[in-house]
Amino acid sequence: MEWIRTHRARRRLSAIAALASVALIATGCAAGGGGDGGGDGSGQDGDQTITFIPKQLNNPYTDVVLGGGEDGAESAGFASSQVVGPLDASASSQVSFINAETQAGTNVIVIAANDPDAVCPALEEARSGGAKIVAFDSDTNPDCRDVFISQVVAKDVALIQVELIAEQIGGSGEIAILSATANATNQNEWIKYIEEELDSNPDYADIELVAKVYGDDDDTKSFQEAQGLMQAHPNLKGIISPTTVGIAATARYLSTSEYKGKVALTGLGLPNEMRPFVKDGTVTEFALWDPAQLGYVAAFAGKALADGDITGAAGDTFEAGDLGEREVGEGGIVIVGPPTVFNADNIDEYDF
């Protein structure tokens, strides 16, 4: 809680960076991380550069993550940091931005992959040039990065969403999933565990998953997909949307429809976006972690890699500023922290 409040102002930096990136796209100039960044990834302390490449710009969740990343980059001691990226979350839209950072000699590239494999050739070229690659939020193919900063243990994210929807629909009935993009690594891993839990746990034997749809982390498309779910499945009792854009758009649709109070909605959302829908009874409970911490830890991991303090091997440890020591686990994965469940009793305690 205190960390969230203290670092609230930093999130404004991401909006500035996003606007700068949009301007660069408009002029066809995806700028790199600064001319004085060493291309071998081993610039002296104070000379290193870091660039964040999210799945897409102008996404409320991403803005919070990047705000934490900008704060972490400054605290870790990078000479400069910036945000570049696409306006759409398509599979190949990040490649040109990676290539631009490689040409600029950026020391650390932090990326949330839209597709785990589509970005790999470009990332491999960046690594050949000496850049350190940190994946965060949505992983790349592990062969294409040094470490992956994960929100929480993937299975735990899935299980909490299953528990919440089961409670809200009384343990039986048809449910659907409204996800982000069809290729998003994190979304697909959560969905895999959701399906496995529904199939294997006798407590959920009376719950039937009847549909999976994708809103592409676009508000309008997600709204339309939610509407389509109700038209295609009139007996639907609940929707899981493990994406902040999707859950907010679905809540907006349900809140003014005949299904308000009849169809349960849960998933992963931002408290500030979901507050009105909790207050008006559209949503009972949903979950998320503190997204700013994800970006913050990613910046410190990048600094530790660039300094040669870690290689990304299991057992490596590094200091992540205010969040303390972090350990690299199997597969080069660093876990940030557990999810929080938000409801009418606690949602006003959070501001992000």
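Whatever comes next refers back to the structure up there.
Residues numbered from 1 in each chain as written. Predicted model: local features only at pLDDT ≥ 70, side-chain atom pairs only at ≥ 80, totals over all residues. Heavy atoms only, no water.

Participant: Account for unusual backbone geometry, naming residues and giving values.
Facilitator: Positive phi is not limited to glycine here, since Asp216 has a value of about 55 degrees. You can see Asp216 is positioned in the loop between strand S7 (207-214) and helix H8 (219-232). In this structure Asp216 comes out as partly exposed when scored by relative accessible area, which is 31%. Notably, Asp217 is not glycine yet its phi reads approximately 55 degrees, a positive angle. With respect to the helices, strands and loops of the structure, Asp217 is situated in the loop between S7 and H8. (Helix = DSSP H or I, 4+ residues; strand = E, 2+ residues; numbered from the N terminus. Buried < 20%, exposed > 50% of the residue type's maximum accessible area, 1.4 Å probe, protein only.)

Participant: An account of the state of the cysteines is requested, with residue identities and associated values reported.
Facilitator: Enumeration according to the criterion identifies one disulfide in this entry. Covalent S-S linkage joins Cys120 and Cys144, the inter-sulfur distance amounting to 1.8 Å. Linking Cys120 and Cys144, the disulfide has an S-S dihedral of approximately 105 degrees and is accordingly described as right-handed. Remark: Cys144 occurs in the loop between strand S4 (132-136) and strand S5 (147-150) and Cys120 occurs in helix H5 (residues 120-128); sequence separation between them is 24 residues. A single burial state applies to Cys120 and to Cys144, both of which are buried. (Disulfide = S-S within 2.5 Å.)

Participant: Lay out the packing of helix H9 (residues 244-255) against helix H10 (residues 271-279) in plain terms, naming residues and giving numbers.
Facilitator: Here H9 crosses H10 at 25 degrees, and the two axes come no closer than 10 Å. Regarding the angle of H9 to H10, the classification is roughly parallel. For the element pair H9 and H10, the recorded crossing hand is left-handed. Residues Thr244, Ile247, Ala248, Ala251, Arg252 and Ser255 of H9 lie in contact with H10, whose contacting residues are Glu273, Met274 and Phe277. Within the contact of H9 with H10, the residues separate by chemical class into five nonpolar, two polar and two charged. (Axes fitted to C-alpha atoms, helices over the stretch in contact; angles between N-to-C directions. Parallel < 35°, antiparallel > 145°, perpendicular 65-115°, else oblique. Left-handed = near helix turned anticlockwise from the far one by under 90°. Contact = heavy atoms within 4.5 Å. Nonpolar A, V, L, I, M, F, W, Y, C, P; charged D, E, K, R; others polar.)

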